[in-house]
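Structural features, examined
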Amino acid sequence: MKVRYIIPIFGLAVFSCQNSTTAPNQKEDKGAIEIESFSQTTKTPSGITTPNEVETSIGTLKFIDGAPQPGTAELVYENLDRMRGVDAFLKGIPAASVRQLMMGPREIGVDNYNKVILFDGLMDSKPLFLTGNTSTLYVIPVLDLKKDGPTVVEAPAGMLGAFNDAWFRYMSDVGPFGPDKGQGGKFLVLPPDFEGDIPEGYFVVKSKTYKVWVFMRGSISNGLDAAVKNIKDNLKVYPLSLKDDQLEMEFISATGKEFNTIHDNDINFYTHLNDVIQEEPYEMIGAELRGLFASIGIEKGKEFAPDDRMKRILTDAVAIGNATARSIVWYPRTEGSVDNMNGIQVFPGKNSAWIMGWVDKNVFFNGKDGHTMNSDARVMFHYPYTAVTPAMAVSIPGKGSDYGIAYVDSNKKPFDGSKTYKIHIPANVPAKDFWALTIYDTQTRSQLQTDQAYPSCGIQTEGIKANEDGSYDIYFSPNAPEGMETNWLQTIPGKSWFVALRLYGPLDAWINKTWIPSEIELVK
C-alpha cells in the first residue's frame, strides 16, 4: 500500500500528511508536492519529526527535512551560549562571592596569612560586605594553602564561625558546634594535595581547595573591648612549617574603611570565576560543572579570551543571570507547579513577606531527600549572604541567632526609599540577648549608606521608645517622624532597601512561630 507524504518545493522541512492539523507553533507549507512511499516505508510518529518552520521565543527556526538551515544553526548557537552563560553565572556565584570576600580586604592591606581583618569597632556601612550586621565582632583570616602549605589557625575561646573553601562550601565549625566546643584550640588546615603524616594535637580540616575563608564572630556580651582583646591576645595564624618561627600577627581594623568584598554582576563576573578555576585543582568541582564553564571559554590551563561575539553574548547572559538571581531572592516561588522555594518562609501559610536565608534551613541545598540539589535555594543564599555553616541554621532556644528578612512590603512590592514605612514589633520579643533591625541597600546587599553609620535599630538602641504595652514601632523613611528619632532607620529617595530582623538567643515563641512581627506597611 502506498502512503502519500508531503515535501516542500523550496527546501522547507518535511512533515507527514497523516497529521490532520497544523501544530500551533508550525507553519503550514504552501506549494508542497506529493511523493510516494517505498517498500521499507513505515508510519513515522508525528512527535519525532521536525516541521519545516517552528516559531519559538528566539525566532523562527527553519529546516530542510529536519536539517537546520545555516541561519537557524547560528541562531540556536547564540541561544545555547547565552543559556550556558546564564547557567554559569547562577552556578558560579558561590565561587565568585567567596573569592571577592578574600580579595577585597587586600585594598586595606590584608595580603598575608598573619594579617587579619578585624572589625574592632564593629561593622559600619562603609565597607561593601553582604548583609553584615552591626552587633557582633567579625574577625576573618584568609588562608592560601598553595603558597603557605598546611596552615594552623589558633582560635580563641568564645568564637562562632566556620571554615569555607574556595567554592564556598562548609568544611568545619569553630565554636560551640565545632570540635573545640567553644573552648578554642588549634585547627590544622590541609591543602588538597597534602601527603604525609598528620601531627597530633590539632583539629584537622581537610580542604578540597587551596584558598580558605575563615569566618568568625566574637560575642560582645562582656563588652567590645574585652572581645577585641580576646582575639588580639589569642588568635594566631601561621604555616605549620613556621610553628616555631611565627610572624607577629597584624590585626587590620576594617571599621570605617572603604573596600569592596562583592563580586561584579557584569561581564567581569566571568573573570572572577575564571580566576577561581585557574587557581584551584581540577577536583574542586565535578566534570559536568567544569564542562559547563569550559563551554563558554573558562577552562583550567587556558586563557579566558572571549572574542567580540562571546563578549556580546556573555554581557547579555550576565544581565539575565543577575536579573534571575534577584528575582529568586525577591520573589521566591513557593507555590504552583514550580514550588522549589517552599520552605523559605519564616511564617508559612500567613502570606507573609518574611523569609529565611535557607530553604528548610538546609545549608547544603540538597533537598528534602539529601540528594537533590536545589540550585535556586543556593542562589537565594549566596547572592545576598555569606558564611556557610549548619550552626547558622540551627534553632536552639536561647543560643546563637536567628533571622527574618523582608525584601518587599505588605503588598509584596519593593520598598521605595522616598516613602515612609512602619513595622510593629509586638511586646515580649523572644530574644534572650537582644534583637535588632538592620537596613540594607538593594544594589550592594550591604548596609545602606546614610547618615546613620550603623544602620540598625533595636533593643540596644539608646533611647528607643516602647509603646505602653511594651511593643515597638519602628519607621523607615528619609526623615524621622517627629518624636521618633530613636525608632527610625533612614532611607534614601531614589533608592530601594530591604531589612533583616535578627534575634540573638531566640526563644521558643520565635522558634514555634507564636510571636510574629507585623509586615512592613506603607504609611499613607
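Rules behind the numbers
Residues numbered from 1 in each chain as written. Predicted model: local features only at pLDDT ≥ 70, side-chain atom pairs only at ≥ 80, totals over all residues. Heavy atoms only, no water. Helix = DSSP H or I, 4+ residues; strand = E, 2+ residues; numbered from the N terminus. Phe/Tyr/Trp six-rings, centres within 6.5 Å; stacked < 30°, edge-to-face > 60°. Buried < 20%, exposed > 50% of the residue type's maximum accessible area, 1.4 Å probe, protein only. Lys NZ or Arg CZ within 6 Å of the ring centre and 35° of its normal. Contact = heavy atoms within 4.5 Å. Patch = residues over 30% accessible without salt bridge, like charges linked within 9 Å, V, L, I, M, F, W, Y side chains within 5 Å. Areas by Shrake-Rupley, 256 points an atom, 1.4 Å probe, with all protein chains shown as cover. Salt bridge = Lys/Arg side-chain N within 4 Å of Asp/Glu carboxyl O. Lys, Arg positive; Asp, Glu negative; His and termini not counted. Pairing = 2+ DSSP bridges. Axes fitted to C-alpha atoms, helices over the stretch in contact; angles between N-to-C directions. Parallel < 35°, antiparallel > 145°, perpendicular 65-115°, else oblique. Left-handed = near helix turned anticlockwise from the far one by under 90°. Nonpolar A, V, L, I, M, F, W, Y, C, P; charged D, E, K, R; others polar. Polar contact = N/O pair within 3.5 Å; in protein donor to acceptor, adjacent residues only side chain to side chain.

A closer look at unusual backbone geometry
Peptide bonds are mostly trans, and most non-glycine residues show a negative phi. Even without a glycine there, the phi angle at Thr131 is positive, about 40°. Of note, Thr131 is situated in the loop between strand S6 (115-118) and strand S7 (137-140). At Asp360, a position not held by glycine, the phi torsion is positive, near 55°. Within the fold, Asp360 resides in the loop between strand S17 (354-355) and helix H7 (375-382).

Comments concerning the packing of aromatic side chains
Aromatic ring pairs: the centre-centre distance and the angle between the two ring planes describe each pair. On inspection of all chains with the given rule, the structure shows 28 aromatic pairs. Ring geometry for Phe415 against Tyr421: centres 5.2 Å apart, planes inclined by 85°, an arrangement best described as edge-to-face. The buried category is assigned to Phe415, whose relative accessible area is 2%. We classify Tyr421 as buried; its relative accessible area is 2%. An aromatic cluster is built from Phe119, Phe129, Tyr138, Phe168, Trp213, Phe215 and Phe259, whose rings are joined through pairwise contacts. Its guanidinium or amino end placed over the ring of Tyr383, Arg445 lies 3.9 Å from that ring's centre, counting from NZ or CZ. The side chain of Lys513 reaches across the aromatic face of Phe347, ending 5.8 Å from its centre.

Quick look at the environment of Val379
Of note, Val379 is situated in helix H7. With 288 residues separating them in the primary sequence, Val379 and Lys91 have C-alpha atoms 7.7 Å apart. Discounting chain neighbours no more than four positions away, the residues touching Val379 are Leu90, Ile93, Ala325, Ile328, Val329 and Pro384.

Some details on a nonpolar patch on the surface
On the surface, Phe177, Val394 and Ile396 cluster together to form a nonpolar patch covering roughly 210 Å² of accessible area. Along the chain, Val394 turns up in the loop between H7 and strand S18 (401-406).

Points about the pattern of salt bridges
Two side chains bearing opposite charge may form a pair once their charged atoms approach each other closely. Taken as a whole and assessed by the stated rule, the structure comprises 18 salt bridges. Put simply, Glu78 and Arg312 hold a salt bridge, and the shortest N to O gap is 2.3 Å. On the criterion of sequence distance, the pair formed by Glu78 in helix H1 (residues 70-103) and Arg312 in helix H6 (residues 308-330) is long-range, its members being 234 residues apart. Glu78 gets classed as buried once you look at its relative accessible area, which sits at 17%.

What to know about the environment of Pro179
If you trace the backbone, Pro179 turns up in the loop between strand S11 (170-174) and strand S12 (185-190). Pro179 gets classed as partly exposed once you look at its relative accessible area, which sits at 40%. The sequence separation of Pro179 and Val76 amounts to 103 residues, and the corresponding C-alpha distance is 52 Å. Once you skip the residues sitting within four places of it in the chain, Pro179 turns out to touch Ser172, Asp173, Phe187 and Phe203.

Notes on the side chain of Asp124
Mapped onto the elements of the fold, Asp124 is located in the loop between S6 and S7. For the buried Asp124, no salt bridge is present, and the opposite-charge side chain at shortest range is Lys126, 6.8 Å distant. If we ignore the near neighbours within four places in the chain, the residues touching Asp124 are Thr255, Gly256, Gln447, Ala453 and Tyr454.

Details of the sheet that holds strand S13 (residues 203-206)
Strand order across the open sheet formed by four strands is S13-S12-S9-S15, with mixed pairing between neighbours. Whereas interior strands pair on both sides, the edge strands pair on one side only; in this sheet they are S13 and strand S15 (236-239). Strand after strand, the sheet turns through a mean of 20° between neighbouring axes, direction not considered. Relative to S12, strand S9 (residues 151-155) runs antiparallel, the two being bridged by five bridges. The residue of S12 that forms the bridge with Thr151 is Val189.

Quick look at the sheet that holds strand S3 (residues 53-56)
Within a sheet, each strand pairs with its neighbour through backbone hydrogen bonds, oriented either parallel or antiparallel. Strand order in this open sheet of three strands is S3-S4-S5, and the pairing throughout is antiparallel. Two strands lie at the open edges of the sheet, namely S3 and strand S5 (67-68), each paired on one side alone.

Some words on the pairing of S11
Taking burial as the measure, the five residues of S11 include four buried ones, the bulk of the element. Relative to S11, strand S10 (residues 159-165) runs antiparallel, the two being bridged by four bridges. Looking at S11, one finds that Gly161 is bridged to Val174. Joining the antiparallel neighbours S10 and S11 is a turn of four residues, in which Phe168 adopts a positive phi near 60°.

A look at the side chain of Thr72
Tracing the backbone shows Thr72 in helix H1. When neighbours within four sequence positions are excluded, Thr72 is seen to be in contact with Thr60, Leu61, Lys62 and Phe63.

Describing the packing of H1 against helix H5 (residues 287-294)
Relative placement of two packed helices is described by the angle separating their axes and the distance separating the axes. Between H1 and H5, the least distance of the axes is 9 Å, while the angle of their chain directions is 130°. In terms of their interaxial angle, H1 and H5 are classed as oblique. As H1 packs across H5, the resulting crossing turns out to be left-handed. Residue-level contacts link Arg84, Asp87, Ala88, Lys91 and Gly92 of H1 to Leu289, Leu292 and Phe293 of H5. Considering only residue class, the contact of H1 with H5 consists of four nonpolar, one polar and three charged.

A short note on the pairing of S9
Counting buried residues in S9 gives five out of five residues, a clear majority hidden from the surface. Note that S9 and S15 share four bridges and pair antiparallel. For Glu154, the partnering residue across the bridge sits in S15 and is Lys236.

Re H7
Counting buried positions along H7 gives seven out of eight residues, so the element sits mostly inside the fold. Turning to H7, its buried residues number three or more, namely Asp376, Ala377, Arg378, Val379, Met380, Phe381 and His382. Contacts from the buried residues of H7 go to H1, H6 and S17. One side-chain oxygen at the N-terminal end of H7 lies 3.3 Å from the backbone nitrogen of Asp376; it belongs to Asn374.

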